[in-house]
Each structure stands twice: as structure tokens, then as C-alpha cells.
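Close look at the chain arrangement
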Amino acid sequence: MKELSKSIRFIDKHFNTLFYIPDGSQIEVVEPDGKSEILGCQYIDEYHTKIGNETYYIHDFAELIENGNKTVSPLKKQLER
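Residues numbered from 1 in each chain as written. Predicted model: local features only at pLDDT ≥ 70, side-chain atom pairs only at ≥ 80, totals over all residues. Heavy atoms only, no water.

**Considering the layout of surface pockets**
- What the largest pocket holds in volume is close to 160 Å³.
- In this structure, the largest pocket is lined by V29, E31, E37, L39, I51, G52, E54, Y56, F61, L64, I65 and K70.
- Only β4 (36–45), β6 (54–57) and α1 (58–67) provide two or more residues apiece to the lining of the largest pocket.
- A per-element tally of the lining of the largest pocket places α1 first, with three residues.
- Its residues assigned to classes, the lining of the largest pocket comprises seven nonpolar, one polar and four charged. (1 Å grid on protein atoms, 1.4 Å probe; cavity = no way out; pocket = protein on both sides within 12 Å on 5 of 7 lines; lining within 4 Å. Points joined across faces, edges and corners; volume = space filled by probe spheres on them. Helix = DSSP H or I, 4+ residues; strand = E, 2+ residues; numbered from the N terminus. Nonpolar A, V, L, I, M, F, W, Y, C, P; charged D, E, K, R; others polar.)

**Some remarks on the nonpolar core**
- I8, F10, F19, I21, I27, V29, L39, C41, I51, F61, I65 and V72 together form the largest nonpolar core, which totals 12 residues.
- Contributing elements (two or more residues each) for this core: β1 (7–11), β2 (17–22), β3 (26–30), β4 and α1.
- Those residues in contact with I21, other than ones at most four positions away along the chain, are K6, S7, I8, F10, Q26, I27, C41 and P74. (Core = buried A, V, L, I, M, F, W, Y, C linked by side-chain atoms within 4.5 Å. Buried < 20%, exposed > 50% of the residue type's maximum accessible area, 1.4 Å probe, protein only. Contact = heavy atoms within 4.5 Å.)

**Here's the deal with the pattern of salt bridges**
- Taken as a whole, this structure holds one salt bridge when the rule is applied.
- Among the salt bridges present, the one from E31 reaches K70, with a minimum N-O distance of 3.6 Å. Placement of E31 in the loop between β3 and β4 and of K70 in the loop between α1 and β7 (71–74) is noted, with a sequence separation of 39 residues between them.
- A relative accessible area of 24% means that K70 is categorised as partly exposed. (Salt bridge = Lys/Arg side-chain N within 4 Å of Asp/Glu carboxyl O.)

Note that every value here comes from positions in space, so none of it alone points to a role or purpose.
Encoded structure:
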């Protein structure tokens, strides 16, 4: 049986779901000073994902983002004209 594509869940530190992205997609992390970083994401399992070069438990990543006063969102792709 063919395995379905995996979705990566992003949460806040209270375990509330913020958004999902498909495996292999990218996120944008924005620092308090406005500096941003684009990171690729790879599904590991329901509670772990590889973000950039690091593997995280999703709650640990949520705490890292919130404790650093950062924001995270799915990367918005620009429309081609």
C-alpha cells in the first residue's frame, strides 16, 4: 500500500496547533529585530522534525521560538507572472 505524504505540525508551547506544512517544505523564522531565516523541514515522525540541520521534538522547537520572541510561519511562495 502506498504511504501518504506526511504533514509536519507546528505548535505553540501550550501544544496548540499553529499550522501544518507538507514534508519537504520550508518555514520562515523571524527574529525580533526583523532579520529572517528560511529553513527546510523534513518529517521524522508525528512529534519530531528536522528543521534546517537540527532535529527537534516539536514542543522544544515551539519553546525555542517563543522564548526567543521569534515568529515562525510557512514560507509564502511568490506567484510567477
